[in-house]
Amino acid sequence: MFITIEGVEGSGKSSTMKKVVERLKKEGYQIVTTREPGGTPIAEQIRNIILDVNNTNLDARAEALLYAASRRQHLIEKVWPNLKDGKIVICDRYIDSSLAYQGGARHLGIENIININMFATENTWPDLTLLFDIDPEIGLRRIAQNNNREVNRLDLEKLDFHRNVRKTFLELAKKYPNRYVIIDSSKPQNEVENETYKIIKERLNAN
Ligand code: TYD
């Protein structure tokens, strides 16, 4: 089972998933958690180029291709081998981030981004995608209050950019209703955690 988590900056997806995975692991589930861009040494090197705040003139298509390159390397070295071993792989961001950020917010078009990603991933879609949905204004405010979090090149985009990201995620949820579940991330943290846990358990039990 290949699960991905998605959302705008400050949606709380990563910290929620950390708690939920602890709970599932205690029950004996074999789970590998990873993230994009990065997750393996080569992919982390690509990540550094993409997120470097000094790379202000990185071209949008070049950016999209770098995400796809990092995605492929990560699939080959980490995701596919673990899925083959029967593990549950939970990845923090995947193809839908490219669709929302590069396809939607950078206006490269969803179809173009699907095309380069189908080449990169050999048509590997997640089984389940959890969208942690929140107004980006609240998300960005949360980030600003969290001093531990490093600021990256995409965090520096204007609010409108992040609004477009959110809008595209919600459109993707409509386009792929079987794969997508939307979680209201503006709810209290323990409710978001419980809901996330319930959704994953239901899917695991159905398999
Ligand atoms: P990261 O620090 O991992 O952010 P977060 O904690 O919000 O997940 O940075 C990843 C950034 O890259 C984030 O701003 C989203 C963006 N991104 C894309 O634009 N396209 C992609 O395909 C992926 C995977 C991420």
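Novice: What is the right way to look at the pattern of salt bridges in this model?
Specialist: Pairing between side chains of opposite charge can happen when the charged atoms of each approach one another. Inspection of the entire model under this criterion finds 17 salt bridges. Here E27 and K201 are joined by a salt bridge, their closest N and O atoms 2.7 Å apart. Here E27 is found in the loop between α1 (13–26) and β2 (31–35), whereas its partner K201 is found in helix α8 (residues 189–206), with 174 residues between them in sequence. We classify K201 as buried; its relative accessible area is 18%. The residue K167 makes a salt bridge to E171 at a minimum N-O spacing of 3.7 Å. One end of the pair is K167 and the other is E171, both in helix α7 (residues 159–175) and four residues apart, which spans about a single turn. Take K167: its relative accessible area is 48%, and that puts it in the partly exposed class. For E171, a relative accessible area of 44% translates into the label partly exposed.

Novice: Quick question: what am I supposed to make of the side chain of E36 here?
Specialist: Secondary-structure assignment places E36 in the loop between β2 and α2 (41–51). Looking at E36, its side chain comes within polar contact range of the side chain of R71, at 2.7 Å. Once residues lying within four places of it in the same chain are set aside, the contact partners of E36 are R47, R71, H74, C91, D92, R93 and Y94.

Novice: What's the story with the sheet that holds strand β5 (residues 180–184) in this structure? I'm lost.
Specialist: For sheets, the rule is that strands pair by backbone hydrogen bonds, running either parallel or antiparallel. The sheet built from five strands is open, its strands ordered β2-β3-β1-β4-β5 with parallel pairing. Looking along the sheet, the strands with just one partner apiece sit at the ends: β2 and β5. Going across the sheet, the axis of each strand differs from the next one's by a mean of 20°, ignoring polarity. In this sheet, β5 lies alongside strand β4 (residues 128–133) in parallel orientation, the contact comprising five bridges. Looking at the pairing, F132 lines up with I183 of β5.

Novice: Please clarify how helix α3 (residues 60–84) should be interpreted in this entry.
Specialist: It helps to recall that an α-helix has 3.6 residues per turn; residues three or four apart then point in one direction. The end-to-end C-alpha separation of α3 is 34 Å, in line with the 36 Å expected for 25 residues at 1.5 Å each. Helix geometry: α3 is bent most strongly at L75, by close to 55°. Among the residues of α3, those classed as buried are E63, A64, Y67, A68, S70, R71, H74, L75, V79 and N82. Here α3 starts with a cap whose side-chain oxygen sits 3.0 Å from the backbone nitrogen of R61, and that cap is D59. Looking one or two residues past α3, G86 carries a phi angle of roughly 85°, positive in sign.

Reading the values: rules and limits
- Residues numbered from 1 in each chain as written.
- Predicted model: local features only at pLDDT ≥ 70, side-chain atom pairs only at ≥ 80, totals over all residues.
- Heavy atoms only, no water.
- Salt bridge = Lys/Arg side-chain N within 4 Å of Asp/Glu carboxyl O.
- Helix = DSSP H or I, 4+ residues; strand = E, 2+ residues; numbered from the N terminus.
- Buried < 20%, exposed > 50% of the residue type's maximum accessible area, 1.4 Å probe, protein only.
- Polar contact = N/O pair within 3.5 Å; in protein donor to acceptor, adjacent residues only side chain to side chain.
- Contact = heavy atoms within 4.5 Å.
- Pairing = 2+ DSSP bridges.
- Axes fitted to C-alpha atoms, helices over the stretch in contact; angles between N-to-C directions.
- Expected span 1.5 Å × (residues − 1).
- Bend = angle between axes of the 7 residues up to and from the residue.

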